[in-house]
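What the coordinates show
Next come the chains, spelled out residue by residue.
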Amino acid sequence: MSDFLLELRSEEIPARMQAGARADLEKLFRKEMDAAGVALGEVTVWSTPRRLALIARGLPAATEAVSEEVKGPRVGAPPQALEGFLRKTGLTADQLTERDGVLFAITEKPGRATRDVLAEAIPAIVRAFPWPKSQRWGAASLSTESLRWVRPLSGIVAILGEELVECEVGTVRSGYATRGHRFHAPGEITIGGAHDYAEKLRLAHVIVDHAERQDLIRAKAKAAAEAEGLTLVEDEGLVIENAGLTEWPVPLLGRFDEAYLDVPPEVIQLTARTNQKYFVCEAGGKLANAFVCTANIVASDGGAAIVAGNRKVLAARLSDARFFWEQDRKVPLSEQAKKLERITFHEKLGTVADKVQRVAQLAEWLASEGIVPNCDPALARQAAALCKADLVTEMVGEFPELQGLMGGYYARAEGLPDAVADAIRDHYKPVGQGDDVPSAPVTVAVALADKLDTIVQFFRINERPTGSKDPFALRRAVLGVISLTMRNSLRYSLYRLFDKAISTSVDVADIGDVVAGGHFKDFVFDRLKVQERDAGTRYDLIDAVVMLGGDDDIGGEDDLVRLLARVHALQAFIGTEDGANLLAGYKRAANILKKEEFAAGATNAAPEPAEAALIAALDAAAPRAAAAVEAEDFTAAMAALATLRAPIDAFFENVTVNDADPVKRAARLGLLERLRSAVHQVADFSRIEG
């Protein structure tokens, strides 16, 4: 058994592509080995800006010999069938084997040296590599058949044990030699095999293990900040990116002019992060005038010149940011908002200014109707009218990620109420799972109105998600509506909200709105099922509550808070013995009623004891369940239903429903209908699985 080393060396591999490249290299290698019958154990893949490396442990010296058997025609089959089988297998008739009247082609394939398998696999892997972007180079690039790689491929190291795996890809031949750090050790380094690869590169100032480089950056960047009495602002994405940009990372701390701290801290951090890949630091919980850059060399002056150069570049970027900040504040948000008339939101839905007008109407209505409690309608309308104004500012033009956030800063700077500034800042939230969910009333009103308008308007023009495609992020918007609703216990009718959101459009008489309303309902509840499934809630129980009013577009439970409270109580109940048995009794009753096509009517049959007991139980439980549902005490409603479990069990044990006497039969079917009606006050049990 031998270890195999493969290194593919090139010019700089973009940091953002390295994780995918590692996964692709392992996947392609395993595919080639599996096809050749080479058993694999541990496989390790590393990356640096200049190389991909793979080490496969414990490869066999050769593959196992195999016998392949192909079934052919029966003995005595037409000559054409036999001739076709012989052409397919490349054998002659006397080489076939007969078994039970059937001809077989049996081919013995001897084992192959693993080194030969690898020699064929390496070029196949390189040529099949799925880089997001790749290029051709040199004279060979004139041909569309020439080798493509992310950057020009310059070297291949392929060693099995201590033996070279000879292969050639394009004009690059495999060898024992690689190169170390571009500046510290630019010459060739001879590798003995997988056993000394990482250590020889380390001696040449290359840490080939990307995870080790990441750990080093985390630790030394933190230490550099702490040495100055500062706290590093952690940024895992930046750690990974800097590890992908360096082979010998050296974090260094520098300072920038304290005057730039007048600019919002998010702007400074984004400028440092996006443009320069720097970490920022805090002192006392506030942004400090310090940054940590990651050098790729050990400088003789301790990094002073590197820090000075980086400080100069950062200063230029911060100067631009400060200019944007100062210029934008000269124009009130109300004036900025007028420019939104020049920006198209969607060709069928008008401009961003049109959307803002709809959102303002809806936010004011949510407040005035008390759907968002303790919300000033005037403030909700004011915040909504200004919530998109920062889209036309210089700062957001430079950094789109700051939309909303900058609007909040500008609103506060011009003296608008804090509730308005906060709503402008946070109205996009939540933007995904784990994001903060606003709770300030004005913010909730604007955030809910913005998301509802987006969903409803795109549904109105039939621009709905299909499959994995969701170009307008409507699924995310619905999850945002659900999160805002549940986090703040907002009470409303989903259908009423839909109608109000539709009414903000010009063409409110559009007949398609009714259909869109039904699709909207289904879409919201489908997203609710997805979200609640992750929380352990059964989707069939959601259906059982949602569809209480039937299958029509406007029936059923449509208050999300009440719906989920009912669903959670139902799930707890169904999980009990009483709940499971009542469900079984209900389903038995429902099946009988369906089979008999029962129509309710008056009967005068004298009840037997089991019937009388069920009648008494229903007389007590049905009003109790109805009152509990009305009071939204769904646990009490389930408790009322639980009292029906024993009487319905006894009824089925002691009474023949389909009695020969039509009067008795009708009376007993009527009892089952009463049971079904009582249960349906709480949920449609016919939709519950089990």
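Residues numbered from 1 in each chain as written. Predicted model: local features only at pLDDT ≥ 70, side-chain atom pairs only at ≥ 80, totals over all residues. Heavy atoms only, no water.

**Considering the packing of aromatic side chains**
Counted only if it meets this: Stacked, edge-to-face and tilted labels apply to pairs of Phe, Tyr and Trp rings (six-membered ring for Trp) whose centres lie within 6.5 Å, assigned for plane angles under 30 degrees, over 60, and everything in between, in that order. Secondary structure counts use DSSP, requiring at least four H or I residues in a row for a helix and at least two E residues in a row for a strand, with both numbered from the N terminus. Only protein chains enter the area calculation, which uses a 1.4 Å probe; residues under 20% of their type maximum are buried, those over 50% are exposed, and those in between are partly exposed.
Scanning all chains against the criterion turns up 15 aromatic pairs. Considering the side-chain rings of F129 and W149, the 5.0 Å spacing of their centres and the 55 degrees angle between planes classify their relative orientation as tilted. Here W149 lies in the loop between α3 (114-128) and β7 (153-160) and F129 lies in the loop between α3 and β7, a separation of 20 residues in the sequence. What makes F129 buried here is its relative accessible area of 9%. Take W149: its relative accessible area is 1%, and that puts it in the buried class. An angle of 15 degrees between the planes, with centres 4.1 Å apart, marks the rings of F458 and F472 as stacked. Separated by 14 residues along the polypeptide, F458 in helix α15 (residues 441-460) and F472 in the loop between α15 and α16 (474-487) bring together distant segments of the chain. Ring pairs connect the aromatic residues F459, F498, F520 and F523, which therefore count as one cluster.

**Examining the nonpolar core**
In globular proteins that are soluble, nonpolar side chains generally tend to be buried together. What counts, and what does not: Think of a nonpolar core as a cluster: buried Ala, Val, Leu, Ile, Met, Phe, Trp, Tyr and Cys residues, connected wherever their side-chain atoms sit within 4.5 Å. Pairs of residues are marked as contacts when any of their non-hydrogen atoms sit within 4.5 Å.
The biggest cluster of nonpolar side chains holds 141 residues, and the ones touching the most others in it are L570 and F685. Among the elements that take part in this core, α15 stands out by supplying 12 residues, more than any other. Setting aside chain neighbours within four positions, we find F685 in contact with L570, F573, I574, L582, L583, Y586, K587, L641, V679 and H680.

**What to know about helix α23 (residues 634-642)**
Of all the positions in α23, only F634, A637, M638, A640, L641 and A642 are classed as buried. For α23, the secondary structure elements touched by its buried residues are α20 (560-574), α21 (577-596), α22 (609-630), α24 (645-654) and α25 (662-680).

**What to know about the pairing of strand β1 (residues 2-10)**
The condition is simple: Here, any two strands with at least 2 DSSP bridges between them count as paired.
By the criterion of burial, β1 is predominantly enclosed, with 7 of the 9 residues buried. Pairing of β1 with strand β3 (residues 51-59), which is carried by 7 bridges, proceeds in the antiparallel orientation. Looking at the pairing, E7 lines up with A53 of β3. Sheet topology places β1 next to β7; 7 bridges connect them, and they run antiparallel. What sits directly across from F4, in β7, is L160.

**Here we look at the sheet that holds strand β5 (residues 97-99)**
Formally: As a rule, the C-alpha atoms of each element are fitted with a line to give its axis, helices using only the stretch in contact, and angles between N-to-C directions run from 0 to 180 degrees.
With respect to topology, 3 strands assemble into an open sheet ordered β4-β6-β5, the strand pairing being antiparallel. In this open sheet, the two strands that pair with only one neighbour each are β4 (66-74) and β5. Here the average twist between neighbouring strands, direction ignored, is 35 degrees. Bridge analysis of β4 against strand β6 (residues 102-109) gives 7 bridges, and the strand direction is antiparallel. From the neighbouring strand, R74 faces β6, where its bridge partner is V102. Taken strand by strand, helix α2 (residues 79-89) contacts β4 and β6, and its axis lies near 160 degrees from that of β4.

**Here we look at the pattern of salt bridges**
Worth spelling out the cut-off: Just to be clear on terms, a salt bridge is a Lys or Arg side-chain nitrogen sitting within 4 Å of an Asp or Glu carboxyl oxygen.
The tally for this structure, following the rule as stated, stands at 46 salt bridges. Residues R30 and E26 are paired through a salt bridge, measuring 3.0 Å at the closest nitrogen-oxygen approach. Here E26 and R30 lie together in helix α1 (residues 15-36), a separation of 4 residues that amounts to about one turn. R30 sits in the partly exposed class, given a relative accessible area of 33%. Residues E163 and R115 are paired through a salt bridge, measuring 2.8 Å at the closest nitrogen-oxygen approach. Taken as a pair, E163 in strand β8 (residues 163-164) and R115 in helix α3 lie far apart in primary sequence, 48 residues in all.

**Details of the side chain of T454**
Which entries qualify depends on this criterion: Polar contacts here mean pairs of N or O atoms no more than 3.5 Å apart (in protein, one a potential hydrogen donor and the other a potential acceptor; neighbouring residues in sequence count only if both atoms are side-chain atoms).
Positionally, T454 belongs in helix α15. In this structure the side chain of T454 is engaged in a polar contact, spanning 2.8 Å, whose partner is the side chain of K355. In this structure T454 touches K355, F472 and L474, once residues within four positions along its chain are discounted.

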